[in-house]
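Descriptive analysis of the structure
If you want the building blocks of each chain, they are given just below.
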Amino acid sequence: MVGDREKFKQEFIQQFIDSFRNLFGKDIDEGTNGQKFNALIIALRELIVSDWIRTNNDYREKKLKQVYYFSIEFLPGRFLDSYLINLGIRTPVQEALAEMGLNLEELEEEERDVALGSGGLGRLASCFLDSMASCGIAGHGCGIRYKYGLVQQQIIDGNQVELPDRWLATYNAWQFPKRDKALEVRFGGKVYMKNDGGKLGFEYRDYESVMAVPYDVPIVGYGNETVNTMRLWSAEIMPGSDDFQINNRQEYRRAVEYKYSVESLSEVLYPDDSNYQGQVFRLKQQYFFVSAGIQSIVRYYKKKYGCPLEDFDDYIAIHINDTHPTLVIPELMRIFVDEEGLSWDDAWRLVTNAVSYTNHTIMPEAMEKWPVDIMRDLLPRIYQIIVEIDRRIRISLEAAYPGSWDRINSMAVINNGQVHMAHLAVHGSYSVNGVARIHTEILKKDVLRNFYEYCGYKFNNKTNGITHRRWLLNANPGLSSLITEYIGGSWVAHPGDLANLLPCAGAADFLRRLGEVKQDNKQCLAQLIKNKYGLILDTNSIFDVHIKRIHAYKRQLLNALHILHLYNSIRENPSLDIPSRTFLFAGKAAPSYHLAKAIIKFINALAVKINNDTSIDGRIKVCFLENYSVTLAENIVPAAEVSEQISTASKEASGTGNMKMMMNGAVTLGTLDGANIEIREEAGEENFVAFGMTADEVISLNQSREYSAFDTIAADCRLGAIVEQLAGGFLPMSREELMWINNYIYQGNDEFYVLKDFDAYVAAQARTGELYKNRDKWLHMSAMNIAKAGHFSSDRTIHDYTVGIWQVEPRVFAQK
């Protein structure tokens, strides 16, 4: 074994040297760290590609059923360390580089996060791809190769400032362009009916063509020589379409504008759709990657599998991640009917047996609706197909509910001049799943109740999960080593084995060392914050962490109001017996979301006020870490002690940040919302700090409309004092910045019940402080959370999808 390891190291050193010289035409000692990083990637590609080719050949030869996971977002973060761990070669590669005088950790810092998402939706999709590969499932991702990420966030004078996230500006050798597999996607134009050999056919004229170029990224499974694919589509002009006769400045400008209009389709995630042009662009972007992906799948199936098209659903499973990719349904119908000559009934059978749909939230932004005129003008043939789907569905609904026109209209695909994408997704799929038990029940009883009563057999729950290999093994090596020392390493492949830690939760020696690991992680994060912001943190204080997209329903505002209350309490009573606290925030606001940006300013204004007040002796510190990313989360999560999961009950479908921090030993302070409920059940009620209204209470209050934010403030002197401070210039915020928060409270009547839950949250924070004072008790709670976190691995979630939805078998590969 020692000889094999040494042989690998020497071969890798030679491969690395050759890669560097071939790339840059010079010796390694003349290169920058960035150049050495790129050479390292090229050297590793040799190992990955051989497994990649073998995996794809295996899928084809054995005709395994394959899953295609369509998502508008993927947020994988950095790949290098994950690849090294999953290949099982991190240590020998680290040693090989050290023999050349190079430091692996320094080279890893050269990698930029792959910026293809904005938050939980994209990170979940990436966890799923990792688990599919690691579980041997033939599962691939389909998305867009955005030129820019959501935003690169900078905090200037406490305000979010958005800069382009040019993540592709540096060489990215993980991506393999496949220009030979490029496809045409069509927009606009006119559709004409024709007689095609006695059958009705359709001809498409005067359309705009866009070329979709695929870039494939390998997804390496853990220890099983399986490499799946994340295929990302980039928009380019079709060959020959830029052959303008450029004889003057006006024609040159027209050529440039045309090129930009095409390439902008894959330029940025979530373009602003607050106006008509933005809506057209966003729908165009969605159809672009859907059409390219579906065309690619059908082409592959026909060429590689050689099976009759009528068997398509036996070999292909297509999963749509929220409503953004719902156009896979009419696009598949278009290909089957128009291009392959299937009857409508046969095509619909294949589509509804191949497509499954996950609903991720009940928030309006994920229950998309598109104006009929936009759909009709941009995608004329797709619109015709949707109209026919709607007509047939209405016939079926009328048979089930004769004369119940209100109900029929509420379940139709087209209603009130809009195409309802969630309705199309339910009707056009064989499975509809929520992502936490309570979320699925809300879908069944409220949001999609009529659909559940009509086709309840489609509905099921698949609680989310995270890949423990990245969020524990990779992000927290100290804790990972401690766990392996006590229970062995089987948990890496079988996360349920973390439950073997349960006896350790009562062992004094284990708890002492667990505390040491947490303290080391807190010191590492404190050093990062000191280096970047010049802020010195008390590492003996509670590290209270709130990291997620900034949104009213996620209630960063509630956290901030409590911080101001706590500050007031210490100022009024300096001898108050409570633990010191460090409040850490991170997250991005959408560029046009003014309330969210005002909340960021509010948090930073609190930081300026509190961090510079020497009278409180550093008992509270507040820090907003800018430009939240996967890599930044990997630094924050291992240090977290309190996990803030305080969304308004019923609004957070699941959450995954709650799982990441639980797995790293944080104690959840949360509402009974989303997966919080299941985390509480797994860890035990005594190891979770719950507060606030339940989902049923929130829904009931929404329906009664009896809530008054003004009355709530009047009844609570603490809130009254805070409101006076906000109005009286107590914090370094302008009147305009405060306007958005005041409008939320008064004009919006506290839509997400921040003030309603304030008293319960203050009490929950007080309980948390009392628990933290008992060090042994707190570490026991931490250990119990870690031991029960295996249930929230995405390996378990993917197993549930595999058995309960896709019905695919894992790949069994004979080792070389």
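Let me begin by describing the structure that accompanies this report. Remember, it's a predicted structure, so these values are computed and weren't measured experimentally.

Further remarks concern the overall build of the chain. Helix and strand counts for the chain stand at 32 helices and 25 strands. Its C-alpha radius of gyration of 27 Å places the chain within 12% of the 28 Å reference for a compact globule of 816 residues. The C-alpha extent of the chain, read off along each of the three principal axes, is 90 × 75 × 65 Å. Among the 816 residues that make up the chain, the fraction classed as buried is 60%. Contacts in the chain between residues far apart in sequence, at least 24 positions, make up 77% of those at least 6 positions apart. Looking at the chain as shown, the accessible area adds up to about 32000 Å², and 49% of this sits on carbon and sulfur atoms. Computed over 88 positive and 104 negative side-chain charges, the separation of the two mean positions in the chain equals 2 Å.

The final tally for this structure, using the stated rule, is 25 aromatic pairs. Centre to centre, the rings of Tyr-567 and Phe-730 are 6.3 Å apart; their planes meet at 45 degrees, and the pair counts as tilted. Here Tyr-567 is found in helix 21 (residues 556–572), whereas its partner Phe-730 is found in the loop between helix 28 (717–727) and helix 29 (735–747), with 163 residues between them in sequence. Through successive ring pairs, a cluster of aromatic residues spans Tyr-300, Tyr-301, Tyr-305, Phe-312, Tyr-315 and Phe-336. One cation-aromatic arrangement involves Arg-571 over Tyr-567; the distance from NZ or CZ to the ring centre is 5.2 Å. The lysine or arginine in question, Lys-660, covers the ring of Trp-471, its NZ or CZ lying 4.6 Å from the ring centre.

Of all hydrophobic cores here, the largest spans 214 residues; its most connected members are Phe-312 and Phe-602. Element by element, the count of residues in this core is highest for helix 8 (residues 276–305), at 12 residues. Setting aside anything within four residues of it in sequence, one finds Phe-312 in contact with Ile-297, Val-298, Tyr-301, Ile-318, Leu-332, Phe-336, Leu-350 and Ala-354. If you look at the next biggest cluster of nonpolar residues, it comprises 55 residues, including Ala-505, Leu-525, Leu-537 and Val-630.

Residues other than glycine seldom take positive phi values, yet Asp-206 does so here, at roughly 55 degrees. If you trace the backbone, Asp-206 turns up in the loop between strand 10 (199–205) and strand 11 (208–220). Owing to a relative accessible area of 65%, Asp-206 belongs among the exposed residues under this scheme. One non-glycine residue with positive phi stands out, namely Tyr-270, at about 50 degrees. On the secondary structure map, Tyr-270 appears in the loop between helix 7 (249–263) and helix 8. What makes Tyr-270 partly exposed here is its relative accessible area of 23%.

Here the focus is helix 8. Taking 1.5 Å as the rise per residue, helix 8 with 30 residues should run 44 Å; its terminal C-alpha atoms sit 43 Å apart, in good agreement. Counting buried positions over the 30 residues of helix 8 gives 21, a clear majority of the element. Once helix 8 finishes, Gly-306 follows within two positions and takes phi at roughly 65 degrees, a positive value.

Empty space within the second largest pocket amounts to approximately 730 Å³. Taken together, 27 residues line the second largest pocket, and the ones lying closest to its centre are Asn-56, Lys-181, Asp-216, Arg-231 and Tyr-300. Only helix 2 (33–62), strand 1 (66–70), strand 4 (139–144), strand 12 (227–237) and helix 8 provide two or more residues apiece to the lining of the second largest pocket. Sort the elements by how many residues they give to the lining of the second largest pocket and helix 8 lands first, with 7 residues. Looking at side-chain class alone, the lining of the second largest pocket contains 10 nonpolar, 8 polar and 9 charged residues.

Parameters at a glance
- Residues numbered from 1 in each chain as written.
- Predicted model: local features only at pLDDT ≥ 70, side-chain atom pairs only at ≥ 80, totals over all residues.
- Heavy atoms only, no water.
- Helix = DSSP H or I, 4+ residues; strand = E, 2+ residues; numbered from the N terminus.
- Rg over C-alpha atoms; globule rule 2.2 N^0.38 Å.
- Buried < 20%, exposed > 50% of the residue type's maximum accessible area, 1.4 Å probe, protein only.
- Contact = heavy atoms within 4.5 Å.
- Areas by Shrake-Rupley, 256 points an atom, 1.4 Å probe, with all protein chains shown as cover.
- Lys, Arg positive; Asp, Glu negative; His and termini not counted.
- Charge placed at Lys NZ, Arg CZ, Asp CG, Glu CD.
- Phe/Tyr/Trp six-rings, centres within 6.5 Å; stacked < 30°, edge-to-face > 60°.
- Lys NZ or Arg CZ within 6 Å of the ring centre and 35° of its normal.
- Core = buried A, V, L, I, M, F, W, Y, C linked by side-chain atoms within 4.5 Å.
- Expected span 1.5 Å × (residues − 1).
- 1 Å grid on protein atoms, 1.4 Å probe; cavity = no way out; pocket = protein on both sides within 12 Å on 5 of 7 lines; lining within 4 Å.
- Points joined across faces, edges and corners; volume = space filled by probe spheres on them.
- Nonpolar A, V, L, I, M, F, W, Y, C, P; charged D, E, K, R; others polar.

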